[in-house]
Amino acid sequence: MKRLSNLCFAASLALFVISCNNSQQDATKDAKDSNATKMDSTGTDTSGAGKTSSMPASVSKDDAAFAVNAANAGMTEVQLGQIAQQKGMAKDVKEYGAMMEKDHTAAGDKLKALAASKNITLPAAIFPEMQKNIDDLQQKSGKDFDKAYINMMVDDHKKVISEFEDESKKGSDADIRAFADSTLHTLRHHLQEAEKCKKMHK
């Protein structure tokens, strides 16, 4: 009877994990599909609503893709920051995590408002590949966690800064370009602080 109960629990857990992964993939796909629909060549919403899209012509596919990727990166940093505050061993790692949660939540709120004004659909959940990195990090503890988290922050911010720099220079929408430019100062500060922490947790 106990074995049967364990098997039922395992099956339920597996279904829960599969369901979560599917919902994340659906959320990502929904955002990308929605934006693609709004940018069809006729400018008509082909989702079935039969209404003309209100997305300004100045919002290109690249601008929309930047917004989607920026939202994903921001949500990832917020969740990782929360985990760092819980699992971090060193004080500076916990403090860095708190800064990530605070700053990326603020940036995320600005991006949501901007996306709404441009009729851009943002993902409701973190991309599956990023969620896997979060899940892997959660398996670590103590000094191993601190080192892995800070190394991830250095690598992530280098990539994100590069994407924001490109958008700030090449973006076709003035408002999205301005958002990218204004956020760069914070991202560069995050990278500097992460590199300081990295020296302390080799």
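Structure: see above.
Everything numeric in this text was worked out from a predicted model, so none of it was measured.

Within this structure, the stated rule accounts for four aromatic pairs. Aromatic side chains Phe-145 and Tyr-149 sit 5.9 Å apart centroid to centroid with 5° between the ring planes, which places their arrangement in the stacked category. Of this pair, Phe-145 and Tyr-149 both sit in helix α5 (residues 142-170), four residues apart, which is roughly one turn of that helix. For Tyr-149, a relative accessible area of 0% gives the class buried. By way of ring pairs, the aromatic residues Phe-66, Phe-164 and Phe-179 are connected into one cluster.

Per the stated rule, a full pass over the model turns up seven salt bridges. Residue Glu-95 pairs with Lys-91 through a salt bridge whose shortest N-O separation is 3.9 Å. Pair noted here: Glu-95 and Lys-91 are both in helix α3 (residues 91-118), with a separation of four residues, about one helical turn. Assessed through its relative accessible area of 46%, Glu-95 is described here as partly exposed. In this structure, a network of salt bridges that share partners links the residues Lys-118, Asp-173 and Asp-175.

Conventions and cut-offs
Residues numbered from 1 in each chain as written. Predicted model: local features only at pLDDT ≥ 70, side-chain atom pairs only at ≥ 80, totals over all residues. Heavy atoms only, no water. Phe/Tyr/Trp six-rings, centres within 6.5 Å; stacked < 30°, edge-to-face > 60°. Helix = DSSP H or I, 4+ residues; strand = E, 2+ residues; numbered from the N terminus. Buried < 20%, exposed > 50% of the residue type's maximum accessible area, 1.4 Å probe, protein only. Salt bridge = Lys/Arg side-chain N within 4 Å of Asp/Glu carboxyl O.

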